[in-house]
Amino acid sequence: CTLYLNQCFRRELESLKNPQGLGLSSHLDGLREENAKLKYRLNVLKRSLQEERSQCSKTMMNINQRLQEIFGEAIREACPDLENPPLAVTPNQQAKFGDYQCNSAMAMAQMMKSKGLKVNPRQIAENIQQNIPDNELIEKTEIAGPGFINVHLKRSFVSKLLTNLLLNGVQPPPLESKKKVVVDFSSPNIAKEMHVGHLRSTIIGDSMCRLFEFLGYDVLRLNHVGDWGTQFGMLIAHLQDKFPNYLTVSPPIGDLQAFYKESKKRFDEEEDFKKRAYQCVVKLQSKDPAFIKGWNLICDVSRNEFQKVYNCLDIQIIERGESFYQEKMTAVVKEFEAKGLVEMDEGRKIVFAPGQQIPLTVVKSDGGYTYDTSDLAALRHRLFDEKADIIIYVTDSGQGTHFQVVFAAAQMIGWYDPNVTRVEHAGFGVVLGEDKKKFKTRSGDTVRLMDLLDEGLKRSMDKLKEKDRDKVLSTEDLTKAQRSVAFGCIKYADLSHNRINDYVFSFDKMLDDRGNTAAYLLYAFTRIRSIARLANIDEAALRKAAETTEVLLEHDKEWKLGKCLLRFPEILQKILDDLLLHTLCDYLYELATTFTEFYDSCYCIEKDRQTGRVVKVNMWRMLLCDATAAIMAKGFDILGINPVSRM
């Protein structure tokens, strides 16, 4: 029996060695043929994609992202069994080691070690290098140290990308899908002055909107003003006393801040006035026409004051204050109650969200609603009515815990999935005076924003006159330069700091034309723009040169500048991920200093030493000047800075 089984086993083994005997031959041949066809089609598609890339589309290529695609494919081929291998591609800090660097091998070796596989990272790097697919971008790769893969780009392809930039302008990288973005920023309170805290929210929020808009998103800019609440009772009561005929004659409320302080003083000191103020709140909430008119009058005075600030800073924003959500709050509370998520606490209705120690108060003990209820209603409206894919709240970091609880409650009730919808609080630090204390006036009051902007205008004019610009610029050009420098410097001083940190407000520092300041960058930009003008080269000549002249990158400083210019999409992608705008400021400063190195080393225009007459124009270098100006202009636009042609 054992002998028989052995013979059967041998016959089975022989038949497996010879599949023809099993009748599988034709089936296997068919699969091989199909596989060959698929491989052929895949190679055709890869070649066609490569050709398309090499011809350059109108949009700017994100070189880092493209290198990640290339190395991602190489890593998968080199280590197919490694799940979610790390992918790290960064620009090289030292030119002698190449242009970019892939640092994945060391992290992959650590992953393998944790699974009991000891592999030399340099060997992993060699496997990755051998599996790099044919591509349009890489000239050569070298392995250095323990397993760094240094990447050298093809100069000819970088030159083509620069030509594409010159011919098509600064175009954003392709967008996978056009998402709806809501940015909630500025948000001052009605009947109160805008102060320096609102300055940060306004500047940062506007710049975020500009970034999303440039990248092709559908952006809704919202101003969640404080235009509802018990304070309006005392304001309307004071309005009735001070301007009894306000329903027929528009009251001349010049200084709303003083008006607010007067009503608050009476509210704190006069019991009868306090009772009447509460009655006014009830009338306002019941939509009594006379009280609604008083409320509108107060709101309009504030709006006019806010608009002066927005006009100075070139801010576009849609007002949608707390009053907009009043009718929606009842439904929100009922929805939480229906799902059994509301608890009673000493007469209040509260909601505890998972992982949060502080509850939200959705209804006060007197039956009124709170900021918590208002913010929940606003978030729900933005998710379901506006159908937002991304919602950003730009407020001071002190509100971080509040928004954390609101977002957790919204996820708990099932309004959104954080893996699908991005809801984020972009917090920022406080503005400090030069004494490193909270920025206030000498009397200890909060600094009025319009006073600050007016002081900026005065200081920028002093700076321009110090440089004798008033002797060479027309009155109109001088005024344009004054506004550009004043408001540009105020914005840049804020945006160039990591928003999470506090920052020291100093006119002297922000108007300094040395170092990483708007003053330096604006002057640098004006000088770059003037190079072509001084050589009598107009826009049409530059356009024609872009169509016919190859951008040569033979000199080290030409190559350095060319690569720096093409990093712009990488910078924008990073900001899109972390919402830290100082990265763009750092990049613009790096670009300006890299341009200076280039201009000092490479003659764009050669002049006769005796006559000063232009004897030679190196047009490919003029094109590099033009490309630098184009990238800087777009960077300024995203930061909300308006450069002028003459300064």
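Note that the structure is predicted; figures quoted are calculated from it, not measured. (Residues numbered from 1 in each chain as written. Predicted model: local features only at pLDDT ≥ 70, side-chain atom pairs only at ≥ 80, totals over all residues. Heavy atoms only, no water.)

**What to know about the overall build of the protein chain**
Then, in step 1: Along the protein chain, the regular secondary structure elements total 23 helices and 16 strands.
Then, in step 2: For the protein chain, the C-alpha atoms occupy an extent of roughly 110 × 100 × 40 Å along the three principal directions.
Then, in step 3: In the protein chain, buried positions account for 47% of the 647 residues.
Then, in step 4: In the protein chain, 73% of the contacts between residues at least 6 apart in sequence involve partners at least 24 apart.
Then, in step 5: In the protein chain, 89 positive and 89 negative side-chain charges are present, and the distance between their average locations comes to 2 Å. (Helix = DSSP H or I, 4+ residues; strand = E, 2+ residues; numbered from the N terminus. Buried < 20%, exposed > 50% of the residue type's maximum accessible area, 1.4 Å probe, protein only. Contact = heavy atoms within 4.5 Å. Lys, Arg positive; Asp, Glu negative; His and termini not counted. Charge placed at Lys NZ, Arg CZ, Asp CG, Glu CD.)

**With respect to the UniProt feature "domain: Arginyl tRNA synthetase N-terminal" (unreviewed entry) in the protein chain**
Then, in step 1: The feature "domain: Arginyl tRNA synthetase N-terminal" (unreviewed entry), as annotated in UniProt, sits at residues 65–153 in this numbering.
Then, in step 2: Here residues 65–153 is 39% helix and 21% strand, with 14 Å between the C-alpha atoms at its ends. (UniProt positions renumbered as here; feature names shortened; annotations may be inferred.)

**Some words on the sheet that holds strand β10 (residues 360–363)**
Then, in step 1: Overall, antiparallel pairing links the three strands, which are arranged β8-β9-β10 in an open sheet. Of all strands in the sheet, those with a lone pairing partner are β8 (343–345) and β10, marking the two edges. Averaged over all neighbouring strand pairs, the angle between strand axes comes to 45°, with direction disregarded. (Pairing = 2+ DSSP bridges. Axes fitted to C-alpha atoms, helices over the stretch in contact; angles between N-to-C directions.)

**Let's talk about the pattern of salt bridges**
Then, in step 1: Overall, the coordinates contain 43 salt bridges when judged by the stated rule.
Then, in step 2: For D184, the salt bridge identified is with R382, shortest N-O distance 3.0 Å. In this pair, D184 sits in strand β5 (residues 180–184) while R382 sits in helix α13 (residues 371–384), placing the two residues 198 residues apart along the sequence.
Then, in step 3: For R382, a relative accessible area of 0% puts it in the buried group.
Then, in step 4: The residue D451 makes a salt bridge to R448 at a minimum N-O spacing of 2.6 Å.
Then, in step 5: Under the relative-accessibility criterion, D451 is labelled partly exposed at 41%. (Salt bridge = Lys/Arg side-chain N within 4 Å of Asp/Glu carboxyl O.)

**Remarks on the sheet that holds strand β3 (residues 138–144)**
Then, in step 1: With antiparallel pairing, four strands are arranged side by side in an open sheet as β1-β2-β4-β3. With partners counted over all chains shown, the strands left at the sheet margins are β1 (89–91) and β3, one partner each. Across the sheet, the axes of successive neighbouring strands diverge by a mean angle of 25°, strand direction being ignored.
Then, in step 2: Running over the sheet, helix α3 (residues 63–78) touches β1, β2 (100–102), β3 and β4 (148–153) and is turned about 145° from β1.

**Describing the pairing of strand β16 (residues 614–617)**
The two faces of the sheet receive side chains in turn, since in a regular strand these alternate between them.
Then, in step 1: Two elements, strand β15 (residues 605–607) and β16, share three bridges in a ladder whose sense is antiparallel. Bridge pairing links K607 to V614 in β16.
Then, in step 2: Connecting β15 to the next strand, β16, in antiparallel fashion are six residues, including G612 with a positive phi near 80°.

**Points about empty space enclosed by the protein**
Then, in step 1: A full pass over the atoms with the stated rule returns one cavity of 30 Å³ or more.
Then, in step 2: Here the largest cavity defines a volume of roughly 30 Å³.
Then, in step 3: Around the largest cavity, the lining residues are I204, D494, L495, H497, N498, R499, L580, L581 and H582. (1 Å grid on protein atoms, 1.4 Å probe; cavity = no way out; pocket = protein on both sides within 12 Å on 5 of 7 lines; lining within 4 Å. Points joined across faces, edges and corners; volume = space filled by probe spheres on them.)

**Let's talk about the nonpolar core**
Then, in step 1: Grouped together as the largest cluster of nonpolar side chains are 169 residues, with contacts concentrated most on L67 and F568.
Then, in step 2: Per-element tally for this core: the top contributor is helix α11 (residues 289–313), with twelve residues.
Then, in step 3: Apart from residues lying up to four places away in sequence, L67 is in contact with V89, Y100, L137, I138, V151 and L153.
Then, in step 4: M329, A378, A388 and F407 belong to the second-largest nonpolar core, a separate cluster that totals 32 residues. (Core = buried A, V, L, I, M, F, W, Y, C linked by side-chain atoms within 4.5 Å.)

**Examining helix α9 (residues 256–269)**
Then, in step 1: Helix length check: α9 (14 residues) gives 20 Å between terminal C-alpha atoms against 20 Å at 1.5 Å per residue, within 8%.
Then, in step 2: Among the residues of α9, those classed as buried are L256, F259, Y260, S263, R266 and F267. Buried residues in α9, looked at end-on, bunch into an arc of 130°, giving them a common side. Opposite the buried face of α9, by more than 90 degrees, sit the exposed residues K261, D268 and E269.
Then, in step 3: Looking at the buried side of α9, the elements it contacts are α8 (231–242), α10 (271–285) and α11. (Expected span 1.5 Å × (residues − 1). Arc of directions from axis to C-beta.)

**Structural notes on the pairing of β4**
Then, in step 1: Among the six residues of β4, five are classified as buried, and the element is accordingly described as predominantly covered.
Then, in step 2: Two strands pair when backbone bridges link them, and β2 and β4 are joined in this way by three bridges, in the antiparallel orientation. Note that in β4 the partner of C102 across the bridge is I149.

**Comments concerning the packing of helix α21 (residues 568–578) against helix α22 (residues 582–601)**
Then, in step 1: Following both chains from N to C, one finds α21 and α22 inclined at 160°, their axes separated by 9 Å at the closest point. For the element pair α21 / α22, the angle class is roughly antiparallel. For α21 against α22, the interelement crossing comes out right-handed. Where α21 approaches α22, its residues F568, I571, K574 and I575 are matched on the opposing element by T583, L584 and Y587. (Parallel < 35°, antiparallel > 145°, perpendicular 65-115°, else oblique. Left-handed = near helix turned anticlockwise from the far one by under 90°.)

**Here's the deal with the layout of surface pockets**
Then, in step 1: For the largest pocket, the calculated volume is near 1,300 Å³.
Then, in step 2: In this structure, the largest pocket is lined by 44 residues; those nearest its centre are S187, N189, H195, H198 and D396.
Then, in step 3: Contributions of two or more residues to the lining of the largest pocket are made by α7 (196–214), α9, α13 and α14 (400–412).
Then, in step 4: Broken down by element, the lining of the largest pocket gets its largest block of residues, five residues, from α7.

**Description of the environment of A88**
Then, in step 1: In this structure, A88 sits in the loop between α3 and β1.
Then, in step 2: What makes A88 partly exposed here is its relative accessible area of 30%.
Then, in step 3: In this structure the C-alpha to C-alpha distance between A88 and Q68, which are 20 residues apart in sequence, comes to 7.6 Å.
Then, in step 4: Not counting the four nearest positions on each side in its chain, A88 is found in contact with Q101, C102, N103 and S104.

**Regarding the confidence of the model for the protein chain**
Then, in step 1: Put simply, the protein chain has an average pLDDT of 91, and 92% of its residues get 70 or more.
Then, in step 2: Taken together, the stretch residues 1–5 has pLDDT below 50 and engages in zero contacts with residues farther than four places along the chain or on a different chain. (pLDDT = per-residue confidence, 0-100.)

**Considering unusual backbone geometry**
Then, in step 1: Although it is not a glycine, S186 adopts a positive phi angle of roughly 75°.
Then, in step 2: Here S186 shows up in the loop between β5 and α7.
Then, in step 3: Phi is positive for S187, which is not a glycine, with a value near 50°.
Then, in step 4: When you line up the elements, S187 lands in the loop between β5 and α7.

**Some thoughts on the packing of aromatic side chains**
Then, in step 1: Enumeration according to the criterion identifies 15 aromatic pairs in this entry.
Then, in step 2: Relative to Y589, the ring of Y520 lies with its centre 5.7 Å away and its plane at 70°, an arrangement referred to as edge-to-face. Residue Y520 is found in helix α18 (residues 518–534), and its partner Y589 is found in helix α22; the two are separated by 69 residues along the sequence.
Then, in step 3: Judged by relative accessible area, Y589 falls into the partly exposed class, the value being 27%.
Then, in step 4: Measuring from ring centre to ring centre gives 5.8 Å for F595 and Y599, while their planes differ by 15°; the resulting arrangement is stacked. One end of the pair is F595 and the other is Y599, both in helix α22 and four residues apart, which spans about a single turn.
Then, in step 5: With a relative accessible area of 38%, Y599 lands in the partly exposed category.
Then, in step 6: The cationic tip of K467 hangs over the ring face of Y523; the distance from NZ or CZ to the ring centre is 5.0 Å. (Phe/Tyr/Trp six-rings, centres within 6.5 Å; stacked < 30°, edge-to-face > 60°. Lys NZ or Arg CZ within 6 Å of the ring centre and 35° of its normal.)

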